[in-house]
Amino acid sequence: MSRSSEAKLRFLDDQSPFLLYFSICRITPEEIMEKRNTTSDFILLGLFKHTGPHLFLFMVVLTMTIASLMGNALMLLLIYWDPQLHIPMYFLLSQLSLMDVMLVATIVPKMAADYLTGKKSISPAGCGLQIFVSLTLGGGESFLLAAMSYDRYVAVCHPLRYPVLMSQQLCLRMTLGSWFLGAADGLMQAAATLSFPFCGTHEIDHFFCEAPMLVRLACADTSVFENVMYVCCVLMLLVPFSLILTSYSFIITAVLQMRSREACKKAFVTCSSHLAVVGLFYGAAIFTYMRPKSYRSAKLAKVVSAFYTIFTPVLNPLIYSLRNSEVKGALKKVAGEMCKFKMTANLVSFFKLFNAK
């Protein structure tokens, strides 16, 4: 071996493994970056940075997530446990709570794990799952809110015919239809979005995979898909929203004609809580999916998405529980039963201890 070869090998032995590989294979830094960009995984840039104020906001989001899961789970248990809540209105409300639990559980744990571990990658399958679940639950909730508005319309405007116009079979059909239409929209958009070729760094400036943000990374022409997606948004958002506005226009007209102040107040309390949920959900959804492409901002999109995926689910049980006497009554019953059970358990343990002595 020549002296030059020995000197070259001695030089390579003194370098790091990366430089050794780099020197032998003669790969340029540009080629390394190009090789990294061809990976199939996506990178979620997240919602927060590793700073003091963002760490505080992250803890607030975690607290709200726990409160959302506990509140919606409590609503599900109350509706299942109390026979007085086994009516169409509360069955639809239980489906709303179930959708909120699934939405939060799909998005927030991944976001929290990415922030804490620093590993922000997500596979195409995981990205497609997030798109499918979020659109399924979002579309399903859109039609579910329309079904809830019809339920309130029948209860206020046709109370004597309520058992016929809002039967259990019709309620079940509307619920299944909401889930089916949402799943169909989610499956179509998830499959179409992932069918595009993606180039660049695969970095998604978001905290979860959302179709409008992912389409920006596509290398192909996405104009046809964006037009189809816009039409789907019109069908999934504006049509149910129009039905809701129509229902509540009839409800407001009927309430204003009521002679009983107590009945009028009860109708306004029930309907105002529903309208609050409708405003929160449709406002954020229309802003996210129906804005012109030229007006879309990544930072603003993240804030709005956080609003309807994290903040709205924690508000729904509060709106329906604090302003609903039947739900508060069921909660008092559950609290009373738990106190009785705890007292009984304490007495049993006391007598066992006394007999043992």
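In this text the structure is predicted, and so the values were computed from the model without any measurement. (Residues numbered from 1 in each chain as written. Predicted model: local features only at pLDDT ≥ 70, side-chain atom pairs only at ≥ 80, totals over all residues. Heavy atoms only, no water.)

Q: Looking at this model, I keep getting lost on the state of the cysteines. Mind explaining?
A: Each disulfide is one covalent bond, formed between the sulfur atoms of two cysteines. Taken as a whole, this structure holds two disulfides when the rule is applied. A sulfur-sulfur separation of 2.0 Å characterises the disulfide bridge that pairs C127 with C209. On the sign convention where negative means left-handed, the S-S torsion of about -115° between C127 and C209 marks this disulfide as left-handed. Taken together, the positions of C127 in helix α6 (residues 124–157) and C209 in the loop between β3 (203–204) and α9 (211–215) put the pair 82 residues apart, joining distant regions of the chain. The class of C209 is buried, set by a relative accessible area of 0%. Bridging C199 to C219, the disulfide has an S-S length of 2.0 Å. A residue pair is termed long-range when its members are at least 10 positions apart, and C199 in the loop between α8 (168–194) and β3 and C219 in the loop between α9 and α10 (223–256) qualify at 20 residues. Taken N- to C-terminal, the disulfide-bonded cysteines of the chain are connected 1-3, 2-4. Note on C232: no disulfide assigned, nearest cysteine sulfur contributed by C233 at a separation of 7.0 Å. Look at C232 and you get buried, because its relative accessible area is 14%. (Disulfide = S-S within 2.5 Å. Helix = DSSP H or I, 4+ residues; strand = E, 2+ residues; numbered from the N terminus. Buried < 20%, exposed > 50% of the residue type's maximum accessible area, 1.4 Å probe, protein only.)

Q: It is not clear to me how the side chain of Q95 should be interpreted in this structure. Could you clarify?
A: In this structure, Q95 sits in helix α5 (residues 88–117). Reaching out from Q95, the side chain makes a polar contact with the side chain of W179 at a distance of 3.0 Å. With sequence-adjacent residues up to four places away left out, Q95 is seen in contact with L144, T175 and W179. (Polar contact = N/O pair within 3.5 Å; in protein donor to acceptor, adjacent residues only side chain to side chain. Contact = heavy atoms within 4.5 Å.)

Q: I tried to follow the packing of aromatic side chains on my own but got confused; where do I start?
A: For the coordinates displayed, the defined rule picks out eleven aromatic pairs. These aromatic residues form a ring-pair network of at least three members: F48, F58 and Y115. (Phe/Tyr/Trp six-rings, centres within 6.5 Å; stacked < 30°, edge-to-face > 60°.)

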